[in-house]
Amino acid sequence: MDTGQYEQTITANQFEHWANNNGDSKGTPFETNVFYNNLDSGERQITFKNLKIDGDVKLFQSETIHIVLSNCKISHFYIENVLNFRSLTVTDFSQIDSIAISKKGPHLFTILNNSKINRILFENCSNALPFIINNSKVGIIVSNKSNFENFEISNSNDVGEINFALTVVNDFFKIINSRIEKIVIKDGKIPDIFFDEIESDEIRLNNYTIESFVYVKSKCKELVFTYVNLRRIEILKKSIVGRLRIRLPLETSAQISCKASDFDEIDLSSTVISEFTTVQILNCKVSQIKLIDFCNYGTILLNNIFPKVEEESKIYMVDSDLGKIQIIKSDLSFYRKFVYSNTKMLELFIAGSEMPRNNTFCLPNENNNLLEVSVQKRLAYSQFKKIYENQGDIPGSLRYLAYEMDAYLAMLNCHYYDLTKDKNSLPLSKKINSRIFKHKYRGERWMLLLNKYSTNYGNDWLLGAKRTFWAVVICYSLFCLFQGIMFNFEFNSINNVIEFFRIVSYAPYYLNPLRDLDSVSPVDENTINPLARIWDFISRIIVAYFAYQTIQAFRKLGKSSG
């Protein structure tokens, strides 16, 4: 029968009279709508069918055994301290505005076949009752200081909110193929939670004790674990989670696995991962990873992760100790922003992975102070360099050495320009510090500039070879100019060509800093003027520096980390 079509209307008093097994509907107009039958167990069951109950139904301390409501409508149903209440079944398009169960209630509560209940309240229910919803609608389920044997919802696409407080489920909490608007569970205990093909806006577990939480092929905008004492979290098989927030108590030793799933954000901020806790994020799309005020004493494995939405992708490492994190086959260079500040990363292990690019580096809270950016870049890239050195990857470490030195140069430039700007308005103490600073670090700034210009801090020997070539050309040209020798580029006669190549043939000797002066002079040594002699001495230093830098860069693959 379709919902809303009721054959009879009875009063709440009549319902209570028959439900308490103190009366009989035989011989009344309601005989075919209210009837009794005996179950295999020998217990008696009363069925109300196709009825509208007028008024609020209240069962207190009755001897009711089994009640079935089939296509019935009730406004409010109160059940309190009913000692022998074996089961309550709401089925076949039944509608109830609210059910309140207190102290002792039915040992089995089942809602089936397109039934609808706007609100269910469990208050201080001490008996462990199984609770089952299948293919029905429930607005809100509230449980306070109650006890369930198990809790199961399946094939129900219109469940509003489930709110547990100080509630214990002795066996399992299971939701399958259902749509739950919101789930909030706090201050209690559940051995196993299993969600399969569910959809929810929000799931929050707070200060709860759980053995395992399994989340399979499901969708959730926000999944939050706050001080949950548990053994295992599994998010599997193409689940989609907007924000995953995990904050565990320090004494918890858990196994956390996220496999083949999509996340807008994984947030481990303000979290301490204990020594025996393992976090695995495998083959997942993660747009944002947040490690803020984070400390890791356990093990974290990031394997084959990449951004879900590249335009919004960020990695946060702020005021944290990352501990032992393994990053394998994960190209973090795809992330648009690397937000870093005061974080220890020396125990990272990186294999088959790329770290964030230099141009993605930024500070938290949109801090664009160039000096602070430079200081934090230097701290980050010095650690990346050490990580690659510890793994024996010298070329990888040299790349981050270049980033580190660029940051150090930018830091010195920031200090220099800050201390020399508006120097007339500076106090005397700062003027003195400015002079000391410029005197102390002027040499370092020039040395860093030369290292960058020559071979990019030992990373590019081809660049060094080019710079050495031009150093030879410029230095030898000036030497010849001081000698009064002018190159004739008009090759209109064989004599001009021979003379040009004769003069140029001396230039390669400029690569030897221990050369004799006559080996580079196209004229007699006795006729070399003093200015050319002085320039020759200076040239030895310049060319030797570029040649040395080129050789060092060429030998970078043979360098040891020591």
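Just above, that's the structure.
Residues numbered from 1 in each chain as written. Predicted model: local features only at pLDDT ≥ 70, side-chain atom pairs only at ≥ 80, totals over all residues. Heavy atoms only, no water.

Caption draft 1: Inspection of unusual backbone geometry at higher detail. One non-glycine residue, K103, lies in positive phi territory at about 60°. One can find K103 in the loop between β9 (95–102) and β10 (108–111). Under the relative-accessibility criterion, K103 is labelled partly exposed at 43%. If you check the backbone angles, N207 has positive phi at about 55° while not being a glycine. With respect to the helices and strands, the residue N207 is situated in strand β19 (residues 199–216). Overall, N207 belongs to the partly exposed group, its relative accessible area being 44%. (Helix = DSSP H or I, 4+ residues; strand = E, 2+ residues; numbered from the N terminus. Buried < 20%, exposed > 50% of the residue type's maximum accessible area, 1.4 Å probe, protein only.)

Caption draft 2: View of empty space enclosed by the protein. Under the definition given, this model contains two cavities of 30 Å³ or more. The space that makes up the largest cavity amounts to roughly 150 Å³. Along the walls of the largest cavity sit 14 residues, with I289, L291, I300, L302 and I325 positioned nearest its centre. Put simply, the parts of the chain that give the lining of the largest cavity at least two residues each are β26 (278–282), β27 (285–292), β29 (299–303), β30 (314–318) and β31 (324–328). Class assignment of the residues belonging to the lining of the largest cavity gives a composition of 14 nonpolar, no polar and no charged. Quantified by volume, the second largest cavity comes out at close to 30 Å³. Every residue lining the second largest cavity is listed: L244, I246, I256, C258, I266, L268, V279 and I281. Looking at the lining of the second largest cavity, the elements that each hand over two or more residues are β22 (240–247), β23 (255–259) and β26. The residue makeup of the lining of the second largest cavity, split by class, is eight nonpolar, no polar and no charged. (1 Å grid on protein atoms, 1.4 Å probe; cavity = no way out; pocket = protein on both sides within 12 Å on 5 of 7 lines; lining within 4 Å. Points joined across faces, edges and corners; volume = space filled by probe spheres on them. Nonpolar A, V, L, I, M, F, W, Y, C, P; charged D, E, K, R; others polar.)

Caption draft 3: How the structure looks around the environment of L129. Summarising the element assignment, L129 is placed in strand β12 (residues 129–134). When its relative accessible area of 1% is taken as the criterion, L129 is described as buried. C-alpha of L129 to C-alpha of N170: the two residues are 41 residues apart in sequence and 9.6 Å apart in space. Leave out the neighbours within four places in its chain, and L129 touches P106, H107, L108, F109, F122, N147, F148, E149 and N150. (Contact = heavy atoms within 4.5 Å.)

Caption draft 4: Here's a closer look at the nonpolar core. Ranked by size, the top nonpolar core spans 110 residues in total, and within it F48, L69, F77, F109 and I162 carry the most contacts. Apart from residues no more than four positions distant in its own chain, I162 is found in contact with I141, F151, I153, F173, I175, I180, K182, I183 and V184. By size, the runner-up hydrophobic cluster in this structure holds 15 residues, among which are C480, Y510, W535 and F546. (Core = buried A, V, L, I, M, F, W, Y, C linked by side-chain atoms within 4.5 Å.)

Caption draft 5: Focus on the layout of surface pockets. In this structure, the largest pocket occupies an estimated 200 Å³ of space. Lining of the largest pocket is provided by 13 residues; of these, N114, S115, K116, S136 and K137 occupy positions nearest its centre. Taken together, the residues that form the lining of the largest pocket break down as one nonpolar, nine polar and three charged.

Caption draft 6: Structural context of the packing of helix α5 (residues 461–482) against helix α7 (residues 530–554). Interaxial distance between α5 and α7 falls to 8 Å at its minimum, and their mutual angle equals 170°. Judged by the angle between their axes, α5 and α7 are roughly antiparallel. Residue-level contacts link W461, G464, A465, R467, T468, A471, V472, C475, L478, F479 and F482 of α5 to L531, A532, W535, D536, S539, I542, V543, F546, A547, T550, A553 and F554 of α7. When its residues are assigned to classes, the contact of α5 with α7 shows 17 nonpolar, four polar and two charged. (Axes fitted to C-alpha atoms, helices over the stretch in contact; angles between N-to-C directions. Parallel < 35°, antiparallel > 145°, perpendicular 65-115°, else oblique.)

Caption draft 7: The arrangement of the environment of I96 in detail. Assignment of secondary structure puts I96 in strand β9. For I96, a relative accessible area of 2% corresponds to the buried category. When the C-alpha positions of I96 and I74 are compared, they lie 4.8 Å apart, and in sequence the two are 22 residues distant. Contact partners of I96, with chain neighbours within four places excluded, come to L69, I74, S75, F77, V90, K116, I117 and N118.

Caption draft 8: Focus on the pairing of strand β18 (residues 179–196). Sheet topology places strand β15 (residues 158–165) next to β18; six bridges connect them, and they run parallel. Counted as the bridge partner of N163 is V184 from β18. In terms of strand pairing, strand β17 (residues 172–176) meets β18 through five bridges, oriented parallel. When the sheet's bridge partners are listed, I175 is paired in β18 with F195. Two elements, β18 and β19, share 15 bridges in a ladder whose sense is parallel. Counted as the bridge partner of I185 is L205 from β19. (Pairing = 2+ DSSP bridges.)

Caption draft 9: Representation of the pattern of salt bridges. Under the counting rule described, the total for this entry stands at 18 salt bridges. Note that D267 and R243 form a salt bridge whose closest N and O atoms lie 3.1 Å from each other. Of this pair, D267 sits in strand β24 (residues 262–267) while R243 sits in strand β22, and the two are 24 residues apart along the sequence. Taking the relative accessible area as the measure of exposure, D267 reaches 5% and is therefore buried. A salt bridge links E404 to K385, with the shortest nitrogen-to-oxygen separation between them at 3.2 Å. (Salt bridge = Lys/Arg side-chain N within 4 Å of Asp/Glu carboxyl O.)

Caption draft 10: Just the packing of aromatic side chains, in detail. What the rule picks out here adds up to 36 aromatic pairs. Taking the centre distance of 5.6 Å and the plane angle of 90° together, the rings of F148 and F151 count as edge-to-face. A relative accessible area of 0% means that F148 is categorised as buried. On the accessibility criterion, F151 (0% relative accessible area) is buried. Each member of the aromatic cluster is reached from another via a ring pair, and the members are F109, F122, F131, F148, F151, F164, F173, F195, F213, Y215 and F225. It is R44 that lies over the ring of Y36; its NZ or CZ is 3.9 Å from the centre. (Phe/Tyr/Trp six-rings, centres within 6.5 Å; stacked < 30°, edge-to-face > 60°. Lys NZ or Arg CZ within 6 Å of the ring centre and 35° of its normal.)

Caption draft 11: Molecular detail of a nonpolar patch on the surface. A cluster of nonpolar side chains, contributed by I534, F537, I538 and I541, occupies part of the molecular surface with about 400 Å² of accessible area. Mapped onto the elements of the fold, F537 is located in helix α7. Classification of F537 as exposed rests on a relative accessible area of 55%. (Patch = residues over 30% accessible without salt bridge, like charges linked within 9 Å, V, L, I, M, F, W, Y side chains within 5 Å. Areas by Shrake-Rupley, 256 points an atom, 1.4 Å probe, with all protein chains shown as cover.)

Caption draft 12: Quick peek at the pairing of β26. Note that β23 and β26 share five bridges and pair parallel. Each residue of the ladder has a partner; that of C258, found in β26, is I281. The pairing of β26 with β29 spans five bridges and is classified as parallel. Bridge assignment links T278 to a residue of β29, and that residue is T299.

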